[in-house]
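Fold and geometry: a report
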Amino acid sequence: MTMTFILKHIKFLLISSILCATLQLLSQDSIPDFDFVSESNPWILSENAAGLNEFNGEKISIATLRADKNNGDFINYYESDNSHNIDVLTETYYRLNPKFTIYGKVNYSYFAGQNMSGSAFIDPYYNAFDIVELSDSTAGKKNKESYVIVGGVSSNLTENLSLGALIDYKNISYFKVKDLRHTNDLLDLKLNIGLKYKLKNLDIGASYKHHRSVESIIFDSFGNTDRQYYTFIDFGGFMGKIKPYDNVANGMSSGGDENPYFNEENGLNLQLNLFSKQKLSFFNELSLSKGDGYYGVESTSTAIYTEHSSDSYSYKGIFSLEQKNTLHQLSLKASYYEIENILNDPQYIDDEWKGNIVTYGIAKPISSKDKAKIALNYAGYWGIENGKALWCLKAQGAYTSSTQRSIFYEQLTYRDQEINQIQTSISGYRNFYKERNSYRIFAGIGYGTGSGFAFEDLYLLCENHDKVESLNDLTYHEFDYFTADRVNAEISFRYSRLINANKAKIYSKLDYSATKAFNTSYIGDYYGSASFTLGYQF
């Protein structure tokens, strides 16, 4: 009995010593983790700028320099198999006083990719249609420079009422340096204004959002002028029209014209957060928006080639359980987006007195697309102290379904496409602390698969079969990329050291991720990315 009693006490003392040592090491690093601070509070990352006042602290800022190198042939039709990226970022949350909280972000990114063809747009899945290079023989180097400036402020007007506003401005320059060349310039502006009201066990919020973007694109050539270049106007499922390139204006991809793709969206966000004294909370956010836009220049001598309209709906629900040193979050996210595109029929008339005049024939619906997604995510944090966690575990699962139909009335032809995706992943990290140094090991693994069909054509008249223009190789390429079985893995190591009397820290991070696909038919089966990050947090 005595020996058992002694052994129990020795065991108790050993466990107590280990716990005390761990807490002592944790207390030596009093600087919160930037990502944990923002991710752990749903209000901060919500669509309501008034939620910035939920930032719990005085100030947290980071400045990072990141370099990426990417190689592999498991890529989409418009991506590069050999690219690198440089990214410079600074971001901050700062509480000026008990009533005012501000947020700021400045980001510069430079991308260079080899062997690129495919889409001439920056993001072909954002637009209602695509402009694609007809031949892989014109593949070449593309460069992209991005500038992002974000500024937000939240003010407590009363004890319970908060007002917030945020502006997000982005400018992207994108250009190809081999014929057929294209130069793009994107201006993107987002505005968010919101209110938040706090009750006893309930927060309610509402915000208005405005999003406007203009991507101008111009085609040109400087090389062999004897060669004829072509572009393909893809209205959906890589069915569309082949257009020869020339330096004469008046065309969707002609030289001499700078055609803008304009899009404008307005929406409403509603938030409802239920919480209790037991650190239980249930955050809900519902977003709705409508958009419209066009491609071309509206004037008496220039044409609007297409017009589009869109609707989007999304819901986010996050259940949080916070205990003494742990936090568990279970989130459900669902979204639906649809867009319809109309093809105009511009006619150019050369008037002797008025010059070039544009008239329009009958506009026709040309395509419709929709995308639905639902995701269930779990995040658990253990050993939380000083705004950071000792352990983190995340598990994610998502299902996405995309369908589209392109319509060609002259050929009496329809083309349908359906792509379904399932993606799952599990990841986590562990922090280690020793005096002024800290270390983080991160690892994650995921699996993805898909189903559907690359395309199905319906010819209302059999003799029109040969009149439809399509790029079926790219259709199969895209379908392979989204639906092939694949396994992806990521591992990273981060080292941090406290400086400036323990008021700031510097850190470096090495990261490598890889994707291995199986049973692909039209693309390769491997893609890898390595990155190195230098950071300063204060």
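Attention here is on the structure that accompanies the text. (Residues numbered from 1 in each chain as written. Predicted model: local features only at pLDDT ≥ 70, side-chain atom pairs only at ≥ 80, totals over all residues. Heavy atoms only, no water.)

**What to know about the overall build of the chain**
When you go through the chain residue by residue, the secondary structure sums to 3 helices and 24 strands. Structurally, the chain occupies a C-alpha span of about 105 × 55 × 45 Å along its principal axes. Put simply, the chain has 538 residues, and 44% of those count as buried. Residue pairs in contact within the chain that sit at least 24 positions apart in sequence constitute 68% of those at least 6 positions apart. Accessible surface computed for the chain: about 27300 Å², of which carbon and sulfur atoms make up 59%. Taken together, the 51 basic and 63 acidic charged side chains of the chain have centroids lying 14 Å from each other. (Helix = DSSP H or I, 4+ residues; strand = E, 2+ residues; numbered from the N terminus. Buried < 20%, exposed > 50% of the residue type's maximum accessible area, 1.4 Å probe, protein only. Contact = heavy atoms within 4.5 Å. Areas by Shrake-Rupley, 256 points an atom, 1.4 Å probe, with all protein chains shown as cover. Lys, Arg positive; Asp, Glu negative; His and termini not counted. Charge placed at Lys NZ, Arg CZ, Asp CG, Glu CD.)

**Concerning the pairing of strand β10 (residues 239-244)**
A regular strand carries its side chains on alternate faces of the sheet. With 5 bridges connecting them, strand β9 (residues 230-234) and β10 associate as antiparallel partners. Each residue of the ladder has a partner; that of D234, found in β10, is G240. In this antiparallel pair of consecutive strands, β9 and β10, the connection spans 4 residues, and G236 shows a positive phi of 150°. (Pairing = 2+ DSSP bridges.)

**Quick look at the pattern of salt bridges**
For the structure on display, the rule yields 15 salt bridges. E54 serves as the salt-bridge partner of K198, at 3.6 Å between the closest nitrogen and oxygen. Here K198 is found in strand β7 (residues 181-198), whereas its partner E54 is found in the loop between α2 (34-39) and β1 (59-72), with 144 residues between them in sequence. Relative accessible area serves as the criterion here: at 29%, K198 is assigned to the partly exposed category. Residues D68 and R66 are paired through a salt bridge, measuring 2.8 Å at the closest nitrogen-oxygen approach. Three or more residues joined by partner-sharing salt bridges are found here, namely E54, K196, K198 and D203. (Salt bridge = Lys/Arg side-chain N within 4 Å of Asp/Glu carboxyl O.)

**A look at the nonpolar core**
For soluble globular proteins, nonpolar side chains are generally found buried alongside one another. Ranked by size, the top nonpolar core spans 23 residues in total, and within it F121, F129, I131, F219, Y261 and Y295 carry the most contacts. Counting residues in each nonpolar core, the second largest holds 14 residues, with V37, A49, F55 and Y93 among its members. (Core = buried A, V, L, I, M, F, W, Y, C linked by side-chain atoms within 4.5 Å.)

**Details of the environment of R212**
You can see R212 is positioned in strand β8 (residues 202-220). Sequence separation of R212 and D292 is 80 residues, and the distance between their C-alpha atoms is 10.0 Å. Apart from the residues within four sequence positions on either side, R212 is in contact with L187, D188, L189, F262, N263 and E264. A polar atom in the side chain of R212 sits 2.5 Å from the side chain of E264. (Polar contact = N/O pair within 3.5 Å; in protein donor to acceptor, adjacent residues only side chain to side chain.)

**A short note on the packing of aromatic side chains**
Both the distance between ring centres and the angle between the ring planes are used here to describe each pair of aromatic rings. The full count for this structure, using the stated rule, is 26 aromatic pairs. Ring geometry for F455 versus Y476: centroids 5.5 Å apart, planes at 55°, classification tilted. With a gap of 21 residues between them, F455 in strand β20 (residues 437-459) and Y476 in helix α3 (residues 472-483) connect regions that are remote in the sequence. Between Y476 and Y522 the ring centres are 5.0 Å apart and the planes differ by 15°, which places this aromatic pair in the stacked class. Of this pair, Y476 sits in helix α3 while Y522 sits in the loop between β23 (504-518) and β24 (526-537), and the two are 46 residues apart along the sequence. Judged by its relative accessible area of 31%, Y476 falls in the partly exposed class. In this structure Y522 comes out as partly exposed when scored by relative accessible area, which is 43%. Clustering of aromatic rings is evident, with ring pairs tying together F74, Y77, Y78, Y125, F238, Y481 and F482. (Phe/Tyr/Trp six-rings, centres within 6.5 Å; stacked < 30°, edge-to-face > 60°.)

**A look at the pairing of β7**
Two elements, strand β6 (residues 161-176) and β7, share 15 bridges in a ladder whose sense is antiparallel. Counterpart to G164 in the pairing with β7 is G194. Hairpin connection between β6 and β7: a loop of 4 residues separates the two successive antiparallel strands. Relative to β8, β7 runs antiparallel, the two being bridged by 18 bridges. Bridge pairing links L186 to E215 in β8. Where β7 folds back on β8, the antiparallel hairpin that results is connected by 3 residues.

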